[in-house]
Amino acid sequence: QKEVEQDPGPLSVPEGAIVSLNCTYSNSAFQYFMWYRQYSRKGPELLMYTYSSGNKEDGRFTAQVDKSSKYISLFIRDSQPSDSATYLCAMNNNAGNMLTFGGGTRLMVKP
Amino acid sequence: SQTIHQWPATLVQPVGSPLSLECTVEGTSNPNLYWYRQAAGRGLQLLFYSVGIGQISSEVPQNLSASRPQDRQFILSSKKLLLSDSGFYLCAWSVSGPYEQYFGPGTRLTVT
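Residues numbered from 1 in each chain as written. Chains lettered and ligands numbered in written order. Predicted model: local features only at pLDDT ≥ 70, side-chain atom pairs only at ≥ 80, totals over all residues. Heavy atoms only, no water.

Q: Before we move on, could you go through the nonpolar core and cite the residues and values that matter?
A: Residue and element names in this part refer to chain A. Trp35, Ile72, Leu74, Tyr87 and Met91 are the most contacted members of the largest nonpolar core, which totals 23 residues. Elements with a contribution of two residues or more to this core: strand E3 (19–25), strand E4 (32–38), strand E5 (45–51), strand E7 (61–66), strand E8 (71–76), strand E9 (85–92) and strand E11 (105–110). With sequence-adjacent residues up to four places away left out, Leu74 is seen in contact with Val19, Ser20, Leu21, Trp35, Leu47, Met48, Phe61, Thr62, Ala63 and Tyr87. (Core = buried A, V, L, I, M, F, W, Y, C linked by side-chain atoms within 4.5 Å. Buried < 20%, exposed > 50% of the residue type's maximum accessible area, 1.4 Å probe, protein only. Helix = DSSP H or I, 4+ residues; strand = E, 2+ residues; numbered from the N terminus. Contact = heavy atoms within 4.5 Å.)

Okay, here's the thing in structure tokens:
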């Protein structure tokens, strides 16, 4: 079993929809949770990170962490075709330099 | 502002040939530096990280090596490439901890 699981998709939604992207994890020591967006053939771009449980909002993006369920989510409101990309979650236990990544979810927002 | 460069952008190399990929960071001092590999359709695998000049930690045993000859320069090397070394190689940096890493544009390596 992988430490971090992500549905690979693809997830296809119409423009303007609310998108929910999710990761589950097994290591209860994870404390930092990151979301990256990766366009095709480009490097990942850090969208946001959260510490421990709770919500964090940045524009159309909201990150949510539920440590009791070992489940994190990224919500995208009013999705745009430019949001079409692969979204990677990543986690760290604050005890080393390693980020553990999910395999990524490919999102397609259709006009 | 900080920027990170990687070159070359793409590379096609025969099996058994050597490899040298370079990464440089501008606009920051004493960054942590990382090398990742991303296989097609898969997540990122950490290969090496460095917290300072000459300090390299390896996460995965392989035929690759890394060096950090200058504060903001990170090099990934191999003496003899294998077919399994093909992939997308990404360099990243951070200063405030491993949880806020910023990635370069990547090098796409195809070993034939």
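Next comes the rest of the description.
Q: Mind laying out the layout of surface pockets, listing which residues take part and the relevant values?
A: Estimated volume of the largest pocket: approximately 590 Å³. As for the largest pocket, its lining consists of 26 residues, and the residues nearest its centre are Phe101 of chain A together with Arg42, Gly43, Leu44 and Gln45 of chain B. Within the residue set of the lining of the largest pocket, elements represented by two or more residues are strand E1 (4–5) and strand E10 (100–101) of chain A together with strand E4 (32–38) and strand E5 (44–52) of chain B. For the lining of the largest pocket, the element with the highest residue contribution is E5 of chain B, accounting for three residues. Across the lining of the largest pocket, the residue classes break down as nine nonpolar, eleven polar and six charged. (1 Å grid on protein atoms, 1.4 Å probe; cavity = no way out; pocket = protein on both sides within 12 Å on 5 of 7 lines; lining within 4 Å. Points joined across faces, edges and corners; volume = space filled by probe spheres on them. Nonpolar A, V, L, I, M, F, W, Y, C, P; charged D, E, K, R; others polar.)

Q: Quick rundown of the pairing of strand E9 (residues 87–94) of chain B? Include the residues and the values.
A: Residue and element names in this part refer to chain B. Of all the eight residues making up E9, eight are buried; the element is thus mostly covered by neighbouring parts of the structure. Taken together, the seven bridges between E4 and E9 define a ladder with antiparallel strand orientation. Looking at the pairing, Leu33 lines up with Trp93 of E9. As defined by bridge partners, E9 adjoins strand E11 (residues 107–111) across three bridges and the pair is classed as antiparallel. Note that in E11 the partner of Gly87 across the bridge is Leu109. (Pairing = 2+ DSSP bridges.)

Q: Lay out the interface of chain A and chain B with the relevant residues and their values.
A: Contact residues are listed per partner, giving 20 residues for chain A and 23 residues for chain B. Regarding the contact of chain A and chain B, the summed buried area is about 1,700 Å², with carbon and sulfur atoms giving 60% of it. Contact with chain B buries area across many residues of chain A, yet Arg41, Asn97 and Phe101 of chain A alone supply 33% of it, more than any other trio. Our count for the contact surface shared by chain A and chain B stands at zero salt bridges. Where the side of chain A that touches chain B is concerned, the elements lending two or more residues are E4, E5 and E9 of chain A. (Buried area = accessible area lost by both parts, 1.4 Å probe. Salt bridge = Lys/Arg side-chain N within 4 Å of Asp/Glu carboxyl O.)

Q: Kindly report on the sheet that holds strand E1 (residues 3–7) of chain B, identifying the contributing residues and their values.
A: What links the strands of a sheet is backbone hydrogen bonding, and the strands pair in either a parallel or an antiparallel sense. All names here are of chain B. Taken together, the four strands give an open sheet; going across it, the order is E1-E3-E8-E7, and neighbouring strands pair in antiparallel fashion. The two strands at the open ends of the sheet, each matched to only one other strand, are E1 and strand E7 (64–70). Ignoring strand direction, the axes of neighbouring strands in this sheet form an average angle of 20 degrees. Here five bridges tie E7 to strand E8 (residues 73–78), and the two strands are oriented antiparallel to one another. By the bridge assignment, Ser67 is partnered in E8 with Ile75. (Axes fitted to C-alpha atoms, helices over the stretch in contact; angles between N-to-C directions.)

Q: Residues and numbers for the pattern of salt bridges, please.
A: All names here are of chain B. Counted according to the given criterion, the structure contains five salt bridges over all chains. The shortest N-O distance in the salt bridge between Asp85 and Arg37 comes to 3.6 Å. Highlighted residues: Asp85 in the loop between E8 and E9 and Arg37 in strand E4, separated in sequence by 48 residues. With a relative accessible area of 2%, Asp85 lands in the buried category. Here Arg68 makes a salt bridge to Asp71, at a shortest N to O gap of 3.3 Å. Owing to a relative accessible area of 3%, Arg68 belongs among the buried residues under this scheme.

No statement about biological role is implied by the geometric values presented.
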